[in-house]
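Residues per chain, in single letters:
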Amino acid sequence: MSVEIEAEDVIRLILQFFKEKNLQHSFSTLSEETLVNLNTIENRDAFIQDITQGNWDTVLKDIVHLNVPPRKLIDLYEQVVLELCEMRELNAARTLLRQTEPMYIMKQRHPERYLRLEHLLSRSFFEEKEVYTNGMTKEKRRQIIAQALATEITVVPPARLLTLLSQSAAWQQYQGLLPPDAPFDPFKKPTKTEVLELDAPVTHLCSTIKFPGKNTNAECAVFSPNGQFLVTGSVDGFIEVWNHMTGKLRKDLVYQAEENLMAMDESVICLGFSRDSEQLVSGSTDGKIAIWKIQSGTCLRKISPAHSQGVTSVCFSKDGSKVLSGSYDQIVKIHEVRSGKLVKEFNGHSSFVNTVLFSPDNATVISGSSDGTIKVKK
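Residues numbered from 1 in each chain as written. Predicted model: local features only at pLDDT ≥ 70, side-chain atom pairs only at ≥ 80, totals over all residues. Heavy atoms only, no water.

J.: Just checking my understanding: could you explain helix α1 (residues 7-20) for this structure?
T.: Structural remark: α-helix, 3.6 residues per turn; residues separated by three or four positions point the same way. Taking 1.5 Å as the rise per residue, α1 with 14 residues should run 20 Å; its terminal C-alpha atoms sit 20 Å apart, in good agreement. What α1 keeps buried is the set Ile11, Leu13, Leu15, Gln16 and Phe18. Asn22 sits one or two positions beyond α1 and adopts a positive phi of about 60°. (Helix = DSSP H or I, 4+ residues; strand = E, 2+ residues; numbered from the N terminus. Expected span 1.5 Å × (residues − 1). Buried < 20%, exposed > 50% of the residue type's maximum accessible area, 1.4 Å probe, protein only.)

As structure tokens, then:
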């Protein structure tokens, strides 16, 4: 499946890069030549707060890069002129009124509003009650403008271009198009690389992992597809990541160094990794399933209960969007990762389901049971 990317979106990514690197001349030139505006901000809440607090110098700098309807720009600039007039910053108010495009549009479309502003600037005093009528106040007016502009802006995470390039490199490595640890050249056509790895027989013991306490033991263990993580689930509900060469707990993972281990309420009896090695799924004896971010130890989703009895086997779909599970309750289920909703349920086994897996194309579900059967379902 191909993904089409609009040319304007590519230009906006480059504009964001120029803005973050403070390359103002490059930013202006590219925007003028392509007629494309960035139309994004880094923080919506900060933008709205600047409006409600009257930080107009910041607001006007941000608004230049946004595609905002003339009507809303007129309301904004009119309010800025009024507040400059109130502060008796008359020169700045006149400049804004007479030399900006939104005020020129106001003069053409709403001449009575424009003349009212000119009249206010010519007076030697500012009477707030004459400006804000019918229960309106300066603060309420700011709120109205902030709400109107909030619907016109898009928030984009910082360094979006670099993030997408990094994700592209990671995907090429995952697909075998870029050798591990090789420099990423975005202008070089990727070629499929095959690394010949010979299976070596086991010859010696590398390490031994010893669990503390007499009543603590590992119920399950799994390696991540990229070989970076050895994870165990134990009878006391803890999920731990180990250095398989030393047998020591991985303290380079901040949450483990701070002793904030991944954990479930009951014994963890099955584990499974997503294909990209970024997410881990665990199942426990109380019928619950949890999905974890392995790098941070964050629980992304709890499905409780997923089964009426203990979860014996779990497996991610190819794209990581679904989790397949089997249980002592003799049922096989598929749940969505994002929502936790049940997608499909398979019955038919007359005893415990011991193992489940997806076929490589996700079109087939296979389950093995203590009833002596293996069932293939499509």
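Let's pick the thread back up.
J.: Honestly, the pattern of salt bridges in this entry has me stumped. Any pointers?
T.: Side-chain pairing between opposite charges can occur once the charged atoms of the two side chains come close. Scanning all chains against the criterion turns up 15 salt bridges. A salt bridge links Arg141 to Asp75, with the shortest nitrogen-to-oxygen separation between them at 3.6 Å. With Arg141 in helix α10 (residues 138-150) and Asp75 in helix α5 (residues 70-86), this pair connects stretches of sequence that are 66 residues apart. Like Asp75, Arg141 is buried. Notably, a salt bridge pairs Glu86 with Lys138, separated by 3.5 Å at the nearest N-O pair. Highlighted residues: Glu86 in helix α5 and Lys138 in helix α10, separated in sequence by 52 residues. The partly exposed category is assigned to Glu86, whose relative accessible area is 27%. In this structure, a network of salt bridges that share partners links the residues Asp75, Glu78, Arg113, Arg116 and Arg141. (Salt bridge = Lys/Arg side-chain N within 4 Å of Asp/Glu carboxyl O.)

J.: Where do I start with the nonpolar core in this structure?
T.: As a rule of thumb, soluble globular proteins bury nonpolar side chains together. Within the largest apolar cluster, 36 residues are counted, with the highest numbers of intra-cluster contacts made by Phe47, Ile51, Ile63, Leu76, Tyr77, Leu117 and Leu149. Those elements that provide at least two residues to this core are α3 (44-52), α4 (56-63), α5, α6 (90-99), α7 (101-109), α8 (111-122) and α10. If you tally residues by element for this core, the top one is α5, at nine residues. The residues contacting Leu76, other than those within four sequence positions of it, are Trp56, Val59, Leu60, Ile63, Ile145 and Leu149. (Core = buried A, V, L, I, M, F, W, Y, C linked by side-chain atoms within 4.5 Å. Contact = heavy atoms within 4.5 Å.)

J.: When you look at unusual backbone geometry in this model, what are you seeing that I'm missing?
T.: Most peptide bonds are trans, and most residues other than glycine sit at a negative phi. For the bond running from Ser304 to Pro305, omega is -10°, close enough to zero to count as cis. In this fold, Pro305 is placed in the loop between β11 (298-303) and β12 (311-316). Although it is not a glycine, Arg88 adopts a positive phi angle of roughly 65°. Counting through the fold element by element, Arg88 comes out in the loop between α5 and α6. Of note in the backbone geometry, Asn362 takes a positive phi value of approximately 70° without being a glycine. Residue placement: Asn362 occurs in the loop between β16 (353-358) and β17 (365-369).

J.: How should I be thinking about the side chain of Arg141 in this particular structure?
T.: According to the relative accessible area criterion, Arg141 is buried, its value standing at 19%. Not counting residues within four places of it along the chain, the set of residues in contact with Arg141 comprises Asp75, Glu78, Gln79, Tyr132 and Met136.

J.: Where do I start with the pairing of strand β15 (residues 342-346) in this structure?
T.: On a regular strand, one side chain projects to one face of the sheet and the next to the other, so that they alternate. Here four bridges tie strand β14 (residues 332-336) to β15, and the two strands are oriented antiparallel to one another. Within β15, the position partnered with Ile334 by the bridge is Lys344. Connecting β14 to the antiparallel partner β15 that follows it, the hairpin turn spans five residues, and Gly340 within it adopts a positive phi of roughly 80°. (Pairing = 2+ DSSP bridges.)

J.: Explanation requested: the side chain of Ser327 in the structure shown.
T.: Residue placement: Ser327 occurs in strand β13 (residues 322-327). Relative accessible area serves as the criterion here: at 0%, Ser327 is assigned to the buried category. Among the polar contacts listed, one links the side chain of Ser327 to the backbone nitrogen of Asp329, at a separation of 3.0 Å. Excluding residues that lie within four positions of it along the chain, Ser327 makes contacts with His307, Gln309, Gly310, Val311, Thr312, Phe352 and Val353. (Polar contact = N/O pair within 3.5 Å; in protein donor to acceptor, adjacent residues only side chain to side chain.)

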